[in-house]
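Secondary and tertiary structure notes
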Amino acid sequence: MTTAPHRLVEQATALMDLKRIDEARALLARRLAEDPTDIVAWLRLASCHEEVRDYQEVLNATNQVLALNPEEYGAYLRRTYAFRRLGRPDESLAAAHEMLRLEPESWQSHVGLSEALGAWQPRWPEALEAAATGVRLGPDQIAAHYALWKAALMNGRVDLQRQAVAESLRIDPHNAWALDQRAKYAEMDAAGPRLTGAGARLSAAAEALTDALAAAPQAPQADRQRKHLDVAVFRMLRGTRWLTLLCLVIAALAARVFPTGSDPTALPGPLATRLYGLALMSAVWGFGAWRRYRGLRAGVRMSLWSLVRRVGWARLVVWQSVGCTLVAVVVVLVPWSERTVPQVLFWVALVPTLLTIWFERAATRS
Amino acid sequence: MLDQPTNTPAGPGAGESPLIASLRTAVAAAPQDIPLRLHLAELLLGAGSADAAVAEAALVLSQAPGDAQARALMARAMAAPVPMEQAPPAAPAEQQSGGFDWEAAAREVGDAVPPRFAAEPDVKEAPLTADGSGDPGEAPAYDVDAPGAPGAVRLADVGGMQEVKDRLEAAFLAPMRNPELRKLYGKSLRGGLLLYGPPGCGKTFIARAVAGELGANFINVSINDVLDMWVGNSERNMHEVFETARRQAPCVIFLDELDALGAKRSRTQHNGMRNTVNQLLTELDGVNDVNDGVFVLAATNVPWDVDIALRRPGRLDRTLLVLPPDGPAREAILHYHLRERPIESVDLAKLVKATDGFSGADLAHVCESAAESALLDSARTGTVRMINTRDLLGAAKAIRPSTEPWFAAARNVAMFANEGGMYDELLAYLKKARKL
Ligand SMILES: Nc1ncnc2c1ncn2[C@@H]1O[C@H](COP(=O)(O)OP(=O)(O)OP(=O)(O)O)[C@@H](O)[C@H]1O
Ligand SMILES: [Mg+2]
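Counting restarts for each chain, with residues numbered from 1 along the sequence as it is written. As they are written, the chains are lettered A onward and the ligands numbered 1 onward, keeping that order. Per-residue local features of the predicted model are confined to residues with pLDDT of at least 70, and side-chain atom pairs are confined, for both listing and counting, to 80 or more; whole-chain, interface and lining totals are unaffected and use all residues. Remark: hydrogens and water are excluded; side-chain values derive from all non-hydrogen atoms of the structure.

Another aspect to go through is the overall build of chain A. What chain A contains, in helices and strands, is 17 helices and zero strands. Computed over its C-alpha atoms, the radius of gyration of chain A comes to 31 Å, more than 25% above the 21 Å expected for a compact globule of 366 residues. Counting only C-alpha atoms, chain A reaches 100 × 40 × 35 Å along its principal axes. For chain A, contacts bridging at least 24 residues in sequence account for 60% of all contacts bridging at least 6. Here chain A holds 43 positive side-chain charges and 35 negative ones, and the gap between their average locations is 13 Å. Each helix corresponds to a stretch of at least 4 residues labelled H or I by DSSP, and each strand to a stretch of at least 2 residues labelled E; elements are numbered beginning at the N terminus. Computation of the radius of gyration draws on C-alpha atoms, with the globule rule given as 2.2 Å multiplied by the number of residues to the power 0.38. In what follows, a contact means two residues having at least one pair of non-hydrogen atoms within 4.5 Å. When charges are tallied, Lys and Arg are placed among the positive residues and Asp and Glu among the negative ones, while His and the ends of the chain are skipped. Charge placement uses NZ in Lys and CZ in Arg. For Asp and Glu, CG and CD serve respectively.

Take a look at the structure:
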């Protein structure tokens with residue numbers, strides 16, 4: 001057995017770390033042309049093939065390894081996954097058992113076994129068990145936590161899934177997969193028609209998404225994350241319409257737009273009441289929107305404006321909010337002497353807004 | 001149409017000598033092998049299949065437009081004894097309205113009879129084709145005492161990109177050329193500048209131009225040197241680079257593909273790689289002003305994969321965004337790629353307008369595929385025609401700027417990972433370009 005890997009193999013390993021697979025493969029091919037008995041080079045080559053999902057080639061490369069040394073652990077490791085991806089579960093399981101025979105105390109052996117067992121639904125509980133053993137043996141290995149997460153997913157163990165993600169983030173706060181999962185959980189928490197508390201959950205989801213995007217800006221999932229971020233900020237934006245409707249109601253009450261009781265009160269409403277209504281409206285906006293907006297992360301705020309710029313419907317929401325609030329201000333500030341005009345204003349502001357809210361709900365439900 | 005002599009079948013098969021047949025198979029197996037294809041064309045010509053030879057030579061020219069042998073062969077094939085009803089060989093170009101005199105082209109590259117560029121006086125074009133450089137209107141300030149080797153790329157060859165040039169000038173070129181200036185402004189020459197931007201937009205090219213200006217005072221550290229550092233004694237390697245630079249001060253060290261040399265240490269298990277980054281940090285910091293007069297220029301298209309420690313003050317603390325080539329730059333690039341191709345009244349201004357957002361590599365691709373379509377067209381109809389504006393515009397339309405995915409990722413970092421204003425320049429650009 002060789003002790004230190006050959007120079008070319010070392011370089012290839014580094015290139016693989018940088019995901020420069022083609023260059024790594026070229027170096028390994030050069031090395032293997034020189035010395036076709038370099039086991040490490042064959043194993044790295046198998047990893048390269050695995051990286052580009054060429055599993056048949058993984059088998060070919062590891063065949064070479066096993067011809068040189070039938071007890072080579074790394075070969076069985078690669079083959080466990082390659083067979084599984086190729087839909088050859090029995091061979092996958094056999095390879096995993098070889099791993100366990102050669103290195104029973106290695107976390108990778110148990111993680112591999114878990115992966116192989118995943119092929120049979122009745123054996124999913126066993127897969128979960130194997131993954132848990134893997135995590136116990138390799139508590140600082142993200143791959144082990146990932147295996148546990150996957151097995152937990154198959155077994156419907158949401159608690160374990162979330163725990164595995166949290167553990168992975170403890171090991172590497174910038175891990176792209178774990179950040180993506182965390183964002184999904186945050187989105188789930190913020191989903192559903194909830195009347196209260198949605199705001200904080202929405203901004204948590206948006207922030208989790210921006211974390212994931214910052215950590216892996218080029219990842220294949222980035223597109224989806226951007227879309228989901230748009231959805232989250234749109235829901236925040238949409239929330240402002242409830243504030244404007246509240247303002248409208250406050251204005252109508254303070255300005256006595258609708259006769260109340262059997263004895264219609266005199267017009268115009270007292271200035272003090274109307275100013276009080278105005279103050280209430282400012283408070284609604286200040287606490288309901290402005291403070292929340294200030295509390296958002298810069299990236300989320302930017303996404304909000306980006307959405308308004310790109311999406312017409314988002315602009316409509318903004319204009320509706322602004323328009324309704326202006327109507328409310330006019331209703332409350334002008335000393336009306338009769339009710340028709342403020343009533344018309346009230347309905348003109350209220351009805352389209354309610355209609356679009358209803359329309360949106362119907363559209364998101366379908 | 002070049003009519004076929006009755007005794008030479010067009011395609012492979014009956015009547016062909018076994019040698020030609022086997023060469024055909026070989027060429028089909030290795031379509032990129034230019035010498036092989038030329039050999040086949042030669043044999044075809046010898047066997048009297050002039051049109052088949054033209055087609056093969058055309059294919060070679062579509063791969064290697066400048067290939068002298070292919071041009072000569074094409075000229076001979078066009079002039080070969082052709083069937084009786086064909087016009088006399090090597091007809092003067094003026095007489096064939098759409099034709100092309102390959103012999104003349106072979107004699108005098110780039111001096112075909114029809115105007116090469118539409119709406120452009122020949123005078124303006126002459127210096128461009130003479131030295132292959134763009135933007136002749138710009139007076140290079142570096143010519144005076146630049147030690148660059150003849151034939152090297154110079155900053156004057158970098159078309160457009162005035163802002164980038166200005167920034168380079170201010171960051172290190174001016175202080176380097178003028179030690180008095182350095183003293184006057186108390187501006188020491190040290191620290192570093194990181195060029196970043198979408199792939200194929202001229203970062204390496206600009207650095208090469210800087211090298212052309214600085215000659216021996218420019219040290220290039222390429223990915224191959226980095227590969228050696230990973231396995232060898234990176235301490236000594238990196239140290240040697242910096243020692244050489246210190247001896248030659250004022251000196252610029254260029255680190256291309258910094259994402260490889262200075263990869264995030266947290267992302268790799270590879271010891272050699274981590275050591276290299278550590279050593280680079282040590283050398284960048286230097287002690288006791290040893291780095292006075294040493295300037296580090298680096299380039300990458302994935303700045304977010306560069307170890308954050310490398311961006312701390314005193315190290316590569318300044319950044320410069322290299323965007324897709326602007327109008328003048330595109331013009332220079334297109335000029336360069338069309339310089340050896342048979343073109344005819346090409347409306348460069350129109351083409352420049354149609355290629356906004358294209359990278360240098362995209363523009364090369366446009367020229368290539370325009371040439372290909374023109375040549376395939378020629379092979380099909382048998383009339384060799386030149387590349388025209390339509391071919392080029394068509395090719396440009398068929399290509400989406402390869403920089404788009406980069407901007408999608410860049411948008412994510414600019415919006416969500418802009419710690420310390422690292423990507424402010426990018427953010428400002430995205431805002432202005434309405435790409436946010
Ligand atoms: N301003 C310019 N003037 C002339 N040619 C240019 C210009 N910009 C780019 N080019 C051309 O584009 C080609 C590609 O540029 P270059 O290789 O420098 O890109 P890069 O930014 O280093 O890309 P990567 O990030 O992929 O390394 C160059 O070889 C050069 O011919
Ligand atoms: Mg480059």
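The next subject is the sheet that holds strand E4 (residues 294-300) of chain B. Residue and element names in this part refer to chain B. Spatially, five strands are ordered E2-E3-E4-E1-E5 in an open sheet, and the strand pairing comes out parallel. Unpaired on one side and paired on the other, strand E2 (218-221) and strand E5 (318-321) mark the two borders of the sheet. Here the average twist between neighbouring strands, direction ignored, is 20°. By this definition, two strands are paired if DSSP reports at least two bridges between them. Two elements, strand E1 (residues 192-196) and E4, share five bridges in a ladder whose sense is parallel. Within the sheet, the bridge partner assigned to leucine 195 lies in E4 and is alanine 299. Here the axes come from fitting lines to C-alpha atoms, over the contacting stretch only for helices, and the angles between their N-to-C directions go from 0 to 180 degrees. Packing of helix H7 (residues 162-177) onto the sheet brings it into contact with E1, strand E3 (251-255), E4 and E5, and relative to E5 it is tilted by some 140°. Its contacts with the sheet put helix H19 (residues 424-432) on E1 and E5, and the angle it makes with E5 is roughly 25°.

Attention now goes to the site of ligand 1. Residues and elements named next belong to chain B. The criterion for a residue being near a molecule or strand is simple. One of its heavy atoms has to lie within 4 Å of it. Near ligand 1, the surroundings consist of 15 residues, among which Gly200, Lys203, Thr204, Phe205 and Asn301 are the closest. Polar contact is defined as a pair of N or O atoms within 3.5 Å, subject to the rule that within protein one atom must be able to donate a hydrogen and the other to accept it, and that residues adjacent in sequence are counted only when both atoms are side-chain atoms. A distance of 2.7 Å separates an oxygen atom of ligand 1 from a polar side-chain atom of asparagine 301. Here the Shrake-Rupley method, with its probe set to 1.4 Å, supplies the accessible areas, and only the displayed protein chains count as covering residues. For ligand 1, whose accessible area on its own is 630 Å², the fraction buried by protein is 78%. Listed by contribution, the elements that provide at least two residues to the shell around ligand 1 are helix H9 (203-214) and helix H14 (327-338). Per element, the largest residue contribution to the shell around ligand 1 is three residues, and it comes from H9. For this scheme, ten residues count as nonpolar: Ala, Val, Leu, Ile, Met, Phe, Trp, Tyr, Cys and Pro. Four count as charged, namely Asp, Glu, Lys and Arg, and the remainder, Gly too, count as polar. In terms of residue class, the shell around ligand 1 is made up of seven nonpolar, six polar and two charged.

Our focus in this paragraph is the nonpolar core. One finds Trp230, Phe242, Ile253, Leu255, Leu258, Leu261 and Leu280 of chain B to be the most contacted residues of the largest nonpolar core, which totals 76 residues. Here the nonpolar core consists of buried residues drawn from Ala, Val, Leu, Ile, Met, Phe, Trp, Tyr and Cys, with membership extended through side-chain atoms lying within 4.5 Å. Burial status follows relative accessibility: with a 1.4 Å probe on protein chains alone, a residue under 20% of its type maximum counts as buried, one over 50% as exposed, and anything between as partly exposed. Listed in part, the 43 residues of the second largest apolar core include Leu307 of chain A together with Ala414, Leu426 and Leu427 of chain B.

This brings us to helix H9 (residues 142-154) of chain A. Residue and element names in this part refer to chain A. Given a rise of 1.5 Å per residue, 13 residues ought to cover 18 Å, and the 18 Å separating the end C-alpha atoms of H9 matches this to within 8%. Among the residues of H9, those classed as buried are Ile142, Ala144, His145, Ala147, Leu148, Trp149, Ala151 and Ala152. On its buried side, H9 packs onto helix H7 (107-117), helix H8 (124-137), helix H10 (158-171) and helix H11 (176-190). Looking one or two residues beyond H9, the residue adopting positive phi is glycine 156, at roughly 70°. Under the convention used throughout, the expected extent of a helix is 1.5 Å for every residue step, that is, one less than its residue count.

In this section: the packing of helix H3 (residues 39-51) of chain A against helix H5 (residues 73-85) of chain A. All names here are of chain A. Two elements in contact, H3 and H5, have axes separated by 10 Å at closest approach and are oriented at 15°. As judged from the angle between their axes, H3 and H5 are roughly parallel. Viewed along their axes, H3 and H5 form a crossing whose handedness is left-handed. In this structure, H3 contributes Leu43, Ala46, Ser47 and Glu50 to the contact, and H5 contributes Gly74, Ala75, Arg78 and Tyr81. Looking at the contact of H3 with H5 residue by residue, the class counts come to four nonpolar, two polar and two charged. Roughly parallel refers to an angle under 35 degrees, roughly antiparallel to one over 145, roughly perpendicular to one between 65 and 115, and oblique to any angle outside these ranges. Two helices that cross are described as forming a left-handed crossing if the nearer one is turned anticlockwise from the farther one by less than a right angle, and a right-handed crossing if clockwise.

Bringing the domain arrangement of chain A into the picture now. The start and end points of each domain follow an automatic or database-based domain assignment. Assigned domains within chain A: domain 1 (1-102), domain 2 (128-172) and domain 3 (235-365). Domain 1 of chain A and domain 2 of chain A are separated by 25 Å when their C-alpha centres are compared.

How big an interface is tends to be expressed through the accessible area that disappears when the partners come together. In this complex, chain B contributes 27 residues to the contact, which on the side of chain A involves 24 residues. Note: buried area is the sum, over both parts, of the accessible area (probe 1.4 Å) each one loses when the two are combined. Taking both partners together, chain B and chain A bury about 2200 Å²; carbon and sulfur atoms supply 59% of that area. The salt bridge criterion pairs a side-chain nitrogen of Lys or Arg with a carboxyl oxygen of Asp or Glu, the two atoms within 4 Å. For the pair chain B and chain A, the number of links is three salt bridges. At the junction of chain B with chain A, the criterion picks out eleven residue pairs in polar contact (both at pLDDT 80 or more).

Attention now moves to the pattern of salt bridges. Under the definition given, this model contains 43 salt bridges over all chains. For arginine 84 of chain A, the salt bridge is made with glutamate 115 of chain A, and the minimal N-O distance between the two is 3.7 Å. Placement of arginine 84 of chain A in helix H5 and of glutamate 115 of chain A in helix H7 is noted, with a sequence separation of 31 residues between them. Residues glutamate 126 of chain A and arginine 123 of chain A are paired through a salt bridge, measuring 3.0 Å at the closest nitrogen-oxygen approach. It is possible to trace a salt-bridge network through shared partners that takes in Arg20 and Glu23 of chain A together with Glu257 and Asp259 of chain B.

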